[in-house]
Amino acid sequence: MNDDLRNILLGVIAAGVSAALGWLARTSLWQRGLRKKQAFFGLPGNAECLLVVNREAGGDGAVARNDVFALLELSSLIKDCGAHVQILAADTAQQGIGERTEFCVGGPGSNRRTAAHLQSLLPGIEVNTDAEPGPDRAAFQIAGERYRLESGRLAHAVLARLTTQPGARPVFLFCGQQSITNQAAARYLARNHEKLARKYGDKPFCLLLKVINSQAYGPDVVELIADVTRAAQAPAPAPRTSHRADR
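Residues numbered from 1 in each chain as written. Predicted model: local features only at pLDDT ≥ 70, side-chain atom pairs only at ≥ 80, totals over all residues. Heavy atoms only, no water.

*Asks:* Explain the environment of Asn128 to me, please; I cannot follow it from the model alone.
*Replies:* The topology assignment puts Asn128 in the loop between β4 (125–127) and β5 (140–142). Its relative accessible area of 23% is what places Asn128 among the partly exposed residues. Separated by 20 residues in the primary sequence, Asn128 and Pro108 place their C-alpha atoms 8.9 Å from one another. Excluding anything up to four places from it in sequence, Asn128 contacts Asp136, Arg137, Ala138 and Ala139. Separated by 3.1 Å, the side chain of Asn128 and the backbone oxygen of Asp136 make a polar contact. (Helix = DSSP H or I, 4+ residues; strand = E, 2+ residues; numbered from the N terminus. Buried < 20%, exposed > 50% of the residue type's maximum accessible area, 1.4 Å probe, protein only. Contact = heavy atoms within 4.5 Å. Polar contact = N/O pair within 3.5 Å; in protein donor to acceptor, adjacent residues only side chain to side chain.)

Quick look at the structure:
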């Protein structure tokens, strides 16, 4: 074997080893990221989880269009974790919490399971569910502050990761003032779950989001108002003078 052939062979071998090491490194990083994602969502491979869907306000068991889009956002996350999903209507979901990860979509006016989660796990959040039109319809009240809905211009949503005890599977709550804010909260989670996992790990959290000008921007322009975990988990305070959230 002459020197030229030997150099070519060594180059091919070096390139093969480099490619293999690069593949192994990428695979290791991907697997590490997947494990972190699975841990945050409580969804190890082949795990079972629940998608609890609400009904459209005033509808006959129908699901609002934007809530369907929210379910698609969440289904993609579940699929990435290698888990399996069971879809239940809120009116038929009569299961405990903590055994399977749950994604619960909709406000308490259209999803009675959300109403139960708010009452038992987030008692510091009050949601106005009056059917009659008025300035406080669908308003949130947290720590004495009131966050009103201005349809198409400014709306709010609560995104929460809740657990009953350490080691229990989490409940993810998407409680918006409109169906488009449910979708906005689901999209916010899909886009920011890595950052949220780094910050909170497997701990509960409750975030108050605002959705700006959904009439023009849909569910895409979402801002974090505050982490309201402590206030949301405390008993509801006495009401104060209402106001609108800062823009």
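*Asks:* Explain the pattern of salt bridges to me, please; I cannot follow it from the model alone.
*Replies:* Any two side chains of opposite charge can pair, so long as their charged atoms come close to each other. Within this structure, the stated rule accounts for nine salt bridges. Residues Arg187 and Glu73 are paired through a salt bridge, measuring 2.7 Å at the closest nitrogen-oxygen approach. Here Arg187 is found in helix α4 (residues 179–200), whereas its partner Glu73 is found in helix α2 (residues 65–80), with 114 residues between them in sequence. When its relative accessible area of 19% is taken as the criterion, Arg187 is described as buried. The partner of Glu102 in a salt bridge is Arg113, and the shortest N-O contact between them spans 2.8 Å. Of this pair, Glu102 sits in strand β3 (residues 101–105) while Arg113 is found in helix α3 (residues 112–121), placing the two residues eleven residues apart along the sequence. Several salt bridges converge on common partners, so that one network encompasses Glu73, Arg187, Arg191 and Asp220. (Salt bridge = Lys/Arg side-chain N within 4 Å of Asp/Glu carboxyl O.)

*Asks:* Would you mind going over the side chain of Thr114 with me for this structure?
*Replies:* With respect to the helices and strands, the residue Thr114 is situated in helix α3. Here Gly106 takes part through its backbone oxygen, which lies 2.8 Å from a polar atom of the side chain of Thr114. Apart from the residues lying within four places of it in its own chain, the contact partners of Thr114 are Cys104, Gly106, Gly107, Pro108, Leu173 and Cys175.

*Asks:* How should the sheet that holds β4 be read in this particular structure?
*Replies:* The strands making up a sheet associate through hydrogen bonds between their backbones, and the pairing can be parallel or antiparallel. Read from one edge of the open sheet, three strands run β4-β5-β6, paired in antiparallel fashion. Whereas interior strands pair on both sides, the edge strands pair on one side only; in this sheet they are β4 and β6 (145–147). Strand-to-strand twist in this sheet, taken as the mean axis angle between neighbours without regard to direction, amounts to 20°. As paired strands, β5 and β6 are joined by three bridges and run antiparallel to one another. When the bridges of β6 are listed, Gln141 appears paired with Arg146. (Pairing = 2+ DSSP bridges. Axes fitted to C-alpha atoms, helices over the stretch in contact; angles between N-to-C directions.)

*Asks:* Explain a nonpolar patch on the surface to me, please; I cannot follow it from the model alone.
*Replies:* Together, Val63, Val68 and Leu72 line one region of the surface with nonpolar side chains, adding up to about 220 Å² of accessible area. In this structure, Val68 sits in helix α2. (Patch = residues over 30% accessible without salt bridge, like charges linked within 9 Å, V, L, I, M, F, W, Y side chains within 5 Å. Areas by Shrake-Rupley, 256 points an atom, 1.4 Å probe, with all protein chains shown as cover.)

*Asks:* Whenever I open this one, the nonpolar core confuses me. Can you help?
*Replies:* Judged by nonpolar contacts, the single largest core of 32 residues is most densely connected at Phe41, Leu43, Leu74, Phe103, Phe174 and Leu189. Looking at this core, the elements with two or more residues in it are α1 (3–41), β1 (48–53), α2, β3, β7 (154–162), β8 (171–176), α4 and β9 (205–212). Ranked by residue count, the leading element in this core is α4, at seven residues. Discounting chain neighbours no more than four positions away, the residues touching Leu74 are Leu51, Phe103, Val105, Phe174, Ala186 and Leu189. (Core = buried A, V, L, I, M, F, W, Y, C linked by side-chain atoms within 4.5 Å.)

Purely geometric numbers; function is a separate question.
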